[in-house]
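One letter stands for each residue in the lines below.
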Amino acid sequence: METVLQQIDREHLPKHVAIIMDGNGRWAKERGEDRLFGHLHGVQSVRDIVEASAEIGIQYLTLYAFSTENWDRPQAEVAGLMELLVNTVRREVDQMKKNGIRLHVIGDFSMLPPSARQELSEALEMTAENDHLHLILALSYSGRWDLTQAFRQLAQKVLAGELYTESIDADVISAHLATRNFPDPELMIRSSGEHRISNFLLYQLAYAELYFTETLWPDFRRQHLYEALIDYQQRERRFGKTSEQLTP
Ligand code: IPE
Ligand code: IPE
Ligand code: MG
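By convention here, each chain's residues receive numbers from 1 onward along its written sequence. Each chain is given a letter, starting from A, and each ligand a number, starting from 1, according to the order in which they appear as written. Reporting of local features is limited, given that this is a predicted model, to residues whose pLDDT is at least 70; pairs of side-chain atoms are given and counted only at 80 or more, and all residues count toward the totals for whole chains, interfaces and linings. As a rule here, side-chain values come from all non-hydrogen atoms in the structure, and water together with hydrogens is ignored.

1. Focus: the site of ligand 1
- Proximity is defined per residue: any heavy atom of the residue falling within 4 Å of a molecule or strand makes that residue near it. The full set of residues close to ligand 1 is Met21, Asp22, Gly23, Asn24, Gly25, Arg26, Arg35, His39, Ala65, Asn70, Arg73 and Leu81.
- Polar contact criterion, stated in full: a pair of N or O atoms within 3.5 Å, where within protein one must be able to donate a hydrogen and the other to accept it, and residues adjacent in sequence count only if both atoms are side-chain atoms. At 3.3 Å, a backbone N or O of Gly23 approaches an oxygen atom of ligand 1.
- One of the backbone nitrogen or oxygen atoms of Gly25 is found 2.9 Å away from an oxygen atom of ligand 1.
- Per-residue and other accessible areas were derived by the Shrake-Rupley procedure at a 1.4 Å probe size, with only the shown protein chains allowed to occlude residues. In isolation ligand 1 offers 380 Å² of accessible surface; the protein chains occlude 87% of this area.
- Per the convention used, a helix needs a DSSP run of H or I reaching at least four residues, while a strand needs a run of E reaching at least two, with both numbered from the N terminus. Looking at the shell around ligand 1, the elements with two or more residues in it are helix H1 (24-30) and helix H2 (35-56).
- With three residues, H1 is the single largest residue contributor to the shell around ligand 1.
- Tallied by class, residues from the shell around ligand 1 come to three nonpolar, five polar and four charged. Gly falls in the polar group here, along with every residue not listed as nonpolar (Ala, Val, Leu, Ile, Met, Phe, Trp, Tyr, Cys, Pro) or charged (Asp, Glu, Lys, Arg).

2. Some remarks on the site of ligand 2
- Around ligand 2, the surrounding shell consists of Ile20, Met21, Asp22, Tyr64, Ala65, Phe66, Ser67, Asn70, Arg73, Arg190, Arg196 and Ser198.
- A distance of 3.3 Å is found between an oxygen atom of ligand 2 and a side-chain nitrogen or oxygen belonging to Arg190.
- A distance of 2.6 Å separates an oxygen atom of ligand 2 from a polar atom in the side chain of Ser198.
- When ligand 2 sits alone it has 390 Å² of accessible area, and the protein chains cover 77% of it.
- Ranked by residue count, the leading element in the shell around ligand 2 is strand S2 (residues 60-67), at four residues.
- The residue makeup of the shell around ligand 2, split by class, is five nonpolar, three polar and four charged.

Function-wise, these values are silent; they only describe arrangement.
Quick look at the structure:
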């Protein structure tokens, strides 16, 4: 029998997959545990998905780990998540380096505790030579934050006489977003049955295929990623054209 993995056409993989890792809290609640127990188990899913993405040949993987809105969660949960982040990055960085994974972070770092900033900047430096898989952590990130910081940069350049307002187009805007070095995601996955974007990559997802699964993030493993990729490959991406225009 053909396995799920064999059904994936390696020639037509999305270059960039973005994931909203959601459902850790509900996963923990189902087990009568604290929300942090869910986040802890969510890390196993991250490891499996990063490994599988690198193996299959996805070039960019963006994981929504913490939104700017998540700062408003109970202080103990925020502190627990930050500690988990620091410990996970510290523990995984050697393996990432060996596996050709380059770490990137996008988000409002001014909000992060110094320990997290320190750990992240070391990991960025340690993996800077890699280019097999670009792993982009969206941390203290939101789409509106990203657009706001881009508009500020653009306004400053116009004021300084470095940029004509007439020159501002979609590509110039993209080049000022936190994702400037990465292509737009072709596929966005959200776990846990919620059908919303929650302030993720608002501009960059313009033509992404959206895939929603009921699976809670701590249960999300590589076979779920494969299913999403197969679903993606069965879709017709028209970009505003008609179906007939696509098949010559
Ligand atoms: C996603 O899981 C992880 C973060 C937002 C940090 P949640 O913590 O949102 O889990 P649910 O949605 O409450 O189940
Ligand atoms: C989105 O999940 C943010 C992350 C997964 C990091 P949330 O759980 O915060 O989103 P809402 O509150 O359900 O929209
Ligand atoms: Mg949630």
